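# Working through the structure, step by step
Listed here are the chains, written in short residue letters.
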Number of protein chains: 2
Amino acid sequence: MKEVSRIYSLPLPTIRRYPIYLRAIKAKIAGGDLNVSSAVLAEELGLDPVLARKDLAMAGVPGRPRHGYPAKELCDAINRALGWDNATDAAIVGVGSLGRALLGYSGFEEQNLSVSVAFDANPALNGETIHGVMVHPMTELPRLAKRLKIKLAILTVPNFAAQSCADNLVDAGIKGILNFSSIQLAVPKGVIVQNVDLAQSLAVLSHAIARG
Amino acid sequence: MKEVSRIYSLPLPTIRRYPIYLRAIKAKIAGGDLNVSSAVLAEELGLDPVLARKDLAMAGVPGRPRHGYPAKELCDAINRALGWDNATDAAIVGVGSLGRALLGYSGFEEQNLSVSVAFDANPALNGETIHGVMVHPMTELPRLAKRLKIKLAILTVPNFAAQSCADNLVDAGIKGILNFSSIQLAVPKGVIVQNVDLAQSLAVLSHAIARG
């Protein structure tokens, strides 16, 4: 119980940095290293060494002075903290140009994330298989999400449909939403939303370029 | 001159919110509204009204008490502040599953962004046309970026290639990089990077789901 509550209280910025450490540690293991030091990782990743030391300490694997952390154990502990030790089934909701694109994106595998089903309101798409994933009508969402034990949804519908889709996802028992729309979704406590708004990032870039 | 320096110093969070206001204001205009008030927009978007008032005031269009802002003028001013009043040509660098996906993504048009060229190190892809955009070898980047006046690049190469590609982009005169890799890119002053790391967002979601 103590273990769980400690991991549960990991700071958000630490969680966001964990995938970056993870890749660097995996590269070390692939290169034959048995141990990794937070100082070396920090330098490679351009991070503050004090920050890196704290981040890695929170994974709960004891490090040894002058040896650093046992690489494999640290890797496993970070995967556990991220919930990446177990495969997570995800749904893509909205099979427009972006949803279709993400169905063909193989990068989710690294996170032990498997996109196993897709939903779209357009009846013309129902039954279509895209990159091996079948598209179902939105009305099937509650039944299939429960049957397939889907806890995570990637929301790629247009803005006007985003909130009502999110409501459906919450009703279907989804606990995490990766939101590609620009809407600030209202969800009940216990459901987590992460926003990936390309328009916001592009706003920062084009603002700078236009003035540069 | 005063005008430019004021816009130049827009706070980053304001810039990131501008696309969200912009869509809401456009919807109002489409609905026949001539004026918009910051209070109404704030409520619709779930934002703090004080924040919204400050954000919109920074666009430089005078509002009128009880009328709010002239909607069309405010829209134009925000587009100008974001550099979205002029079309920006962008390149996609790295035509793997994600790059290919983004070539088929129509959402960039909203930002007046036109993906006009793609680059990939794989010779097998050279000359291929994907969603109307031709893939060129990386060695063509400096010549084509200059000829096509490309200032913005969408970087979708694997992590190991990200920094060297970014170096090439900087050499070719690119001023803004939308970075989909997990590498913290080192770029000289005057070049802006925005990171879209799906792994980081998924880390937060799966961490929460695993403990939930």
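Bear in mind that the values here come from a model prediction, so they are computed numbers and not experimental data. (Residues numbered from 1 in each chain as written. Chains lettered and ligands numbered in written order. Predicted model: local features only at pLDDT ≥ 70, side-chain atom pairs only at ≥ 80, totals over all residues.)

## Here we look at the overall build of chain A
Counting its secondary structure elements, chain A contains nine helices and nine strands. Dimensions of chain A, computed from C-alpha atoms along their principal axes, come out at roughly 60 × 50 × 35 Å. Residues classed as buried in chain A amount to 42% of the 212 residues present. In chain A, the share of contacts with a sequence separation of at least 24, taken over all contacts with a separation of at least 6, comes to 53%. (Helix = DSSP H or I, 4+ residues; strand = E, 2+ residues; numbered from the N terminus. Buried ≥ 20, exposed ≤ 12 C-beta atoms within 10 Å, placed from the backbone. Contact = placed C-beta atoms within 7 Å.)

## Focus: the relation of the copies chain A and chain B
Turning one copy of the chain about an axis and sliding it along that axis gives the other copy, so a rotation and a shift relate them. Laying chain A over chain B is done by rotating through 180 degrees and shifting 0.0 Å along the axis; what remains is an RMSD of 0.0 Å. One copy is carried onto the other by what is essentially a two-fold rotation axis. For chain A, the residue whose C-alpha comes nearest the rotation axis is Ala101 of chain A, separated from it by 2.0 Å. When the interface residues of chain A are mapped onto chain B, 98% of them are again interface residues, pointing to one common binding face. (Least-squares fit on C-alpha atoms with pLDDT ≥ 70 in both.)

## Regarding helix α5 (residues 71–82) of chain B
Residue and element names in this part refer to chain B. An ideal rise of 1.5 Å per residue puts 16 Å on twelve residues; α5 measures up with 17 Å between its terminal C-alpha atoms. Of all the positions in α5, only Leu74, Cys75, Ala77, Ile78, Ala81 and Leu82 are classed as buried. The buried residues of α5 all sit within an arc of 165 degrees when viewed along its axis, so they share a single face. Downstream of α5 by a residue or two, Gly83 has a phi angle that is positive, lying close to 75 degrees. (Expected span 1.5 Å × (residues − 1). Arc of directions from axis to C-beta.)

## Remarks on the interface of chain A and chain B
Listed per partner, the contact involves 58 residues of chain A and 57 residues of chain B. Within the residue set of the side of chain A that touches chain B, elements represented by two or more residues are α1 (2–8), α2 (12–30), α5 (71–82), α6 (97–103), β8 (176–179), β9 (192–195) and α9 (198–211) of chain A. Residue contributions to the side of chain A that touches chain B peak at 14 residues, all from α9 of chain A. Its residues assigned to classes, the side of chain A that touches chain B shows 32 nonpolar, 19 polar and seven charged. (Nonpolar A, V, L, I, M, F, W, Y, C, P; charged D, E, K, R; others polar.)

## Some details on helix α8 (residues 159–171) of chain A
Residue and element names in this part refer to chain A. For α8, with 13 residues, the first-to-last C-alpha span of 19 Å sits near the 18 Å given by 1.5 Å per residue. When α8 is considered as a whole, its buried residues turn out to be Ala162, Cys165, Ala166 and Leu169. Those residues of α8 that are buried are in contact with β3 (88–93), β7 (152–155) and β8. Note on α8: the residue one or two positions beyond its end, Gly173, has a positive phi of about 90 degrees.

## Concerning the environment of Val61 of chain B
Among the structural elements, Val61 of chain B can be located in the loop between α4 (49–57) and β2 (69–70). Setting aside its immediate chain neighbours within four residues, Val61 of chain B contacts Tyr69, Pro70, Glu73, Leu74 and Ala77 of chain B.

## Side note on the domain arrangement of chain A
Examined at the domain level, chain A breaks down into domain 1 (2–82) and domain 2 (88–201). Computed over C-alpha atoms only, the centres of domain 1 of chain A and domain 2 of chain A are separated by 30 Å. (Domains from an automatic or database assignment.)

## Re the packing of α9 of chain A against helix α2 (residues 12–30) of chain B
Two numbers describe how α9 of chain A lies on α2 of chain B: the axes approach to 8 Å, and their chain directions differ by 120 degrees. Classed by the angle they form, the pair α9 of chain A and α2 of chain B counts as oblique. As for the relative orientation of α9 of chain A and α2 of chain B, their crossing is right-handed in sense. In contact with Ala199, Gln200, Ala203, Val204 and His207 of chain A of α9 of chain A, α2 of chain B contributes Leu12, Ile15, Arg16, Tyr18 and Pro19 of chain B. For the contact of α9 of chain A with α2 of chain B, the per-class residue count stands at seven nonpolar, two polar and one charged. (Axes fitted to C-alpha atoms, helices over the stretch in contact; angles between N-to-C directions. Parallel < 35°, antiparallel > 145°, perpendicular 65-115°, else oblique. Left-handed = near helix turned anticlockwise from the far one by under 90°.)

## Some details on the sheet that holds strand β3 (residues 88–93) of chain B
All names here are of chain B. In spatial order, the strands read β5-β6-β4-β3-β7-β8-β9; together these seven strands make up an open sheet with mixed pairing. Edge positions in the sheet fall to β5 (129–130) and β9 (192–195), since each of these pairs with one other strand and no more. Bridge count for strand β4 (residues 113–120) against strand β6 (residues 133–137) is three bridges, and the pairing is parallel. Its bridge partner being in β6, Asp120 is matched across the sheet by Pro137. (Pairing = 2+ DSSP bridges.)

## Quick word on the nonpolar core
Within soluble globular proteins, side chains that are nonpolar generally end up buried alongside one another. By size, the foremost hydrophobic cluster in this structure holds 124 residues, and its most contacted members are Leu155 of chain A together with Leu155 of chain B. The residues touching Leu155 of chain B, leaving out its near neighbours within four places in the chain, are Val93, Gly94, Ala162, Cys165, Ala166, Ile177, Leu178, Asn179, Phe180 and Ser181 of chain B. (Core = buried A, V, L, I, M, F, W, Y, C linked by C-beta atoms within 7 Å.)

## Overview of the confidence of the model for chain A
Overall, the prediction assigns chain A a mean pLDDT of 88, with 95% of residues at 70 or greater. Overall, residues 1–7 of chain A carries pLDDT values under 50, and its contacts beyond four positions in sequence, including any with other chains, amount to four contacts. (pLDDT = per-residue confidence, 0-100.)

## Structural notes on the pairing of strand β8 (residues 176–179) of chain B
Residue and element names in this part refer to chain B. Both faces of β8 are covered, namely the face carrying Gly176 and Leu178 and the face carrying Ile177 and Asn179. Relative to β8, strand β7 (residues 152–155) runs parallel, the two sharing four bridges. Its bridge partner being in β8, Leu152 is matched across the sheet by Gly176. For the segment spanning β7, helix α8 (residues 159–171) and β8, crossover handedness is right-handed. Where β8 meets β9, four bridges bridge the pair, whose relative direction is parallel. Bridging from a neighbouring strand, Gly176 pairs with Ile192 of β9. (Right-handed = clockwise from strand over helix to strand, strands pointing away.)

## Concerning the pairing of β3 of chain A
All names here are of chain A. Buried residues dominate β3, accounting for five of its six residues. Two elements, β3 and strand β4 (residues 113–120), share six bridges in a ladder whose sense is parallel. Within the sheet, the bridge partner assigned to Ile92 lies in β4 and is Ala118. Note on the crossover from β3 through α6 to β4: the handedness is right-handed. Bridge count between β3 and β7: four bridges; the pairing is parallel. Residue pairing for β7: Ala90 is matched across the bridge by Leu152.

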